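Chain residues, written in single-letter form:
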Amino acid sequence: MATLTVKNLPDDLYERLKSSAKEKRRSINAEAIVRIEESLSLHSSAADENSAEVVPLHEAGGDYTAEGSAAVHVDASLIEEARRWSRSDARGTLSEALLAYVARMKRLSLLDLAGKIEFEQGYDYKAARRQR
Amino acid sequence: MIMLDTSILSQVLRRNRQPGREIEVQAIRELIASDRPVALPGIVVQEMLSGIRSSVEERAVSTALDGFPIHLADLRAHREAALVFTRCASEGIAVTHIDCLIAAQAMLAGAELFTLDSDFVAIARLTGLVLFEASAANEGFEAPR
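The rules behind the values
- Residues numbered from 1 in each chain as written.
- Chains lettered and ligands numbered in written order.
- Predicted model: local features only at pLDDT ≥ 70, side-chain atom pairs only at ≥ 80, totals over all residues.
- Helix = DSSP H or I, 4+ residues; strand = E, 2+ residues; numbered from the N terminus.
- Buried ≥ 20, exposed ≤ 12 C-beta atoms within 10 Å, placed from the backbone.
- Rg over C-alpha atoms; globule rule 2.2 N^0.38 Å.
- Contact = placed C-beta atoms within 7 Å.
- Core = buried A, V, L, I, M, F, W, Y, C linked by C-beta atoms within 7 Å.
- Nonpolar A, V, L, I, M, F, W, Y, C, P; charged D, E, K, R; others polar.
- Axes fitted to C-alpha atoms, helices over the stretch in contact; angles between N-to-C directions.
- Parallel < 35°, antiparallel > 145°, perpendicular 65-115°, else oblique.
- Left-handed = near helix turned anticlockwise from the far one by under 90°.
- Pairing = 2+ DSSP bridges.
- Expected span 1.5 Å × (residues − 1).
- Arc of directions from axis to C-beta.

**Here we look at the overall build of chain A**
When helices and strands are counted, chain A shows 6 helices and 2 strands. Going from N to C terminus, chain A has its helices and strands arranged as α-α-β-α-β-α-α-α. When the 132 residues of chain A are sorted by exposure, 7% land in the buried category.

**As for the overall build of chain B**
Scanning chain B from terminus to terminus reveals 8 helices and 5 strands. Reading the secondary structure of chain B in the N-to-C direction produces β-α-α-β-α-α-β-α-α-β-α-β-α. Against the globule reference of 15 Å for 145 residues, chain B gives a C-alpha radius of gyration of 15 Å, in line with a compact fold. With respect to the principal axes defined by its C-alpha atoms, chain B has extents near 45 × 35 × 25 Å. Evaluated residue by residue, chain B yields a buried proportion of 41% over its 145 residues. Long-range contacts, defined as pairs at least 24 residues apart, comprise 66% of the intrachain contacts of chain B with a sequence gap of at least 6.

**A short note on the nonpolar core**
All names here are of chain B. Leu-4, Ala-103 and Leu-113 are the most contacted members of the largest nonpolar core, which has 46 residues in total. At 8 residues, helix H6 (residues 97-108) tops the list of elements feeding residues into this core. Beyond its immediate stretch of four places on either side in the chain, Leu-4 contacts Leu-9, Val-38, Leu-40, Val-44 and Phe-114.

**Some remarks on the environment of A:Asn8**
Of note, A:Asn8 is situated in the segment before helix H1 (11-24). Residues A:Asn8 and A:Glu118, 110 residues apart in the sequence, show an inter-C-alpha distance of 63 Å.

**Some thoughts on the interface of chain B and chain A**
On the side of chain A, 22 residues touch chain B, which itself brings 30 residues to the contact. Going through the elements one at a time, helix H1 (6-13), helix H2 (22-33), helix H4 (55-66) and H6 of chain B are the ones with two or more residues in the side of chain B that touches chain A. Per-element tally for the side of chain B that touches chain A: the top contributor is H4(B), with 6 residues. Tallied by class, the residues present in the side of chain B that touches chain A amount to 10 nonpolar, 9 polar and 11 charged.

**Considerations on the packing of helix H5 (residues 75-90) of chain B against H6(B)**
All names here are of chain B. The interhelical angle for the contact between H5 and H6, taken along N-to-C directions, is 120°, at an axis separation of 8 Å. Relative to H6, the element H5 is oriented oblique. Considering the relative orientation of H5 and H6, their crossing is right-handed. Together, Arg-76, Ala-77, His-78, Glu-80, Ala-81, Val-84 and Phe-85 of H5 and His-97, Cys-100, Leu-101, Ala-103, Ala-104, Gln-105, Met-107 and Leu-108 of H6 make up the contact between the two elements.

**Things to note about the sheet that holds strand E2 (residues 38-41) of chain B**
Residue and element names in this part refer to chain B. With respect to topology, 5 strands assemble into an open sheet ordered E3-E2-E1-E4-E5, the strand pairing being parallel. Of all strands in the sheet, those bounded by a partner on one side alone are strand E3 (70-71) and strand E5 (130-131). Summarising the sheet, strand E1 (residues 2-4) and strand E4 (residues 112-114) pair through 3 bridges and their orientation is parallel. Along E4, the bridge assignment pairs Leu-4 with Phe-114.

**Brief notes about the pairing of E2(B)**
Residues and elements named next belong to chain B. As paired strands, E1 and E2 are joined by 2 bridges and run parallel to one another. Of the residues in E2, the one forming a bridge with Ile-2 is Val-38. Where E2 meets E3, 2 bridges bridge the pair, whose relative direction is parallel. Paired with Leu-40 across the bridge in E3 is Ile-70.

**Focus on the packing of H1(B) against helix H3 (residues 42-49) of chain B**
Residues and elements named next belong to chain B. Viewed as axis vectors pointing N to C, H1 and H3 meet at an angle of 35°, and their least axial separation amounts to 10 Å. Seen along the crossing, H1 lies across H3 with a hand that is right-handed. In this structure, H1 contributes Thr-6, Leu-9 and Ser-10 to the contact, and H3 contributes Val-44, Glu-47 and Met-48. Broken down by class, the residue content of the contact of H1 with H3 amounts to 3 nonpolar, 2 polar and 1 charged.

**Brief notes about H1(B)**
Within H1(B), 7 of the 8 residues are buried, which leaves it mostly tucked inside the rest of the structure. Buried within H1(B) are the following residues: B:Thr6, B:Ser7, B:Ile8, B:Leu9, B:Ser10, B:Val12 and B:Leu13. Packed against the buried residues of H1(B) are helix H6 (125-131) of chain A together with E1, H2, H3, H4 and E4 of chain B.

**Topic: H4(B)**
Its 12 residues place the ends of H4(B) 16 Å apart at the C-alpha level, agreeing with the 16 Å of an ideal helix rising 1.5 Å per residue. Within the sequence span of H4(B), burial applies to B:Val61, B:Ala64 and B:Leu65. Taken around the axis of H4(B), the buried residues stretch over an arc of 95°, which confines them to a single face. Of the exposed residues in H4(B), those oriented more than 90 degrees away from the buried face are B:Ser55, B:Val56 and B:Arg59. In the core, the buried residues of H4(B) are packed alongside helix H5 (90-112) of chain A together with H1, E2 and H3 of chain B.

Given below as structure tokens:
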């Protein structure tokens, strides 16, 4: 088998690889092989050349049904950029991003409800505060 | 960070708004749309979900409030609230325990409190509570005609 020496590996990338290897309970060498394998096989099967990284959704959330388990294609540079702000791996970063997106959309949905909510007649939160 | 009181949220959401609060309602729109850090005390969530007539509307409001960071009161907040109450009482100002708790949570979070309730003006005068000025959120915004 061939031996590959990687020069000029950024320290933070090495630390992430090390941390991921520890998490998966395998050696750094084994982790690097798995990552390279994943990357090359995903690249070759990606339908869209711009969609460089494939993240299985069911692994991202761990709570998806069979319908939701299809892989999604995500721009690798976008994932990499997002990971600069995250302590998680790609899947964790994607989950964090989706959570943040959902929270934002929920907050914005409040604006759609403005002026539309009907409260019970006589309900007065301030009067209730005074009664307690 | 800006913490919202029930008085302002209720004014934004309710069908029958009090007139003359357009600046504050617009300020909330600006804060949320521009992703300013806005949070809610847990008791405000409870008050907002109380008394909504339709269960469909109640679920929609609940979902929307889910998107905000919710500050649940801990022992420190309750202790601070008690100090706020005592401080106000010593000046002869009657305040409710919930007002004191909301004020305490805002102070402990280092947040400004956005409220329409004048009781908090009295609390702010006697404690470190900082009130949010709606005009600050509307800077650069042209009010609709």
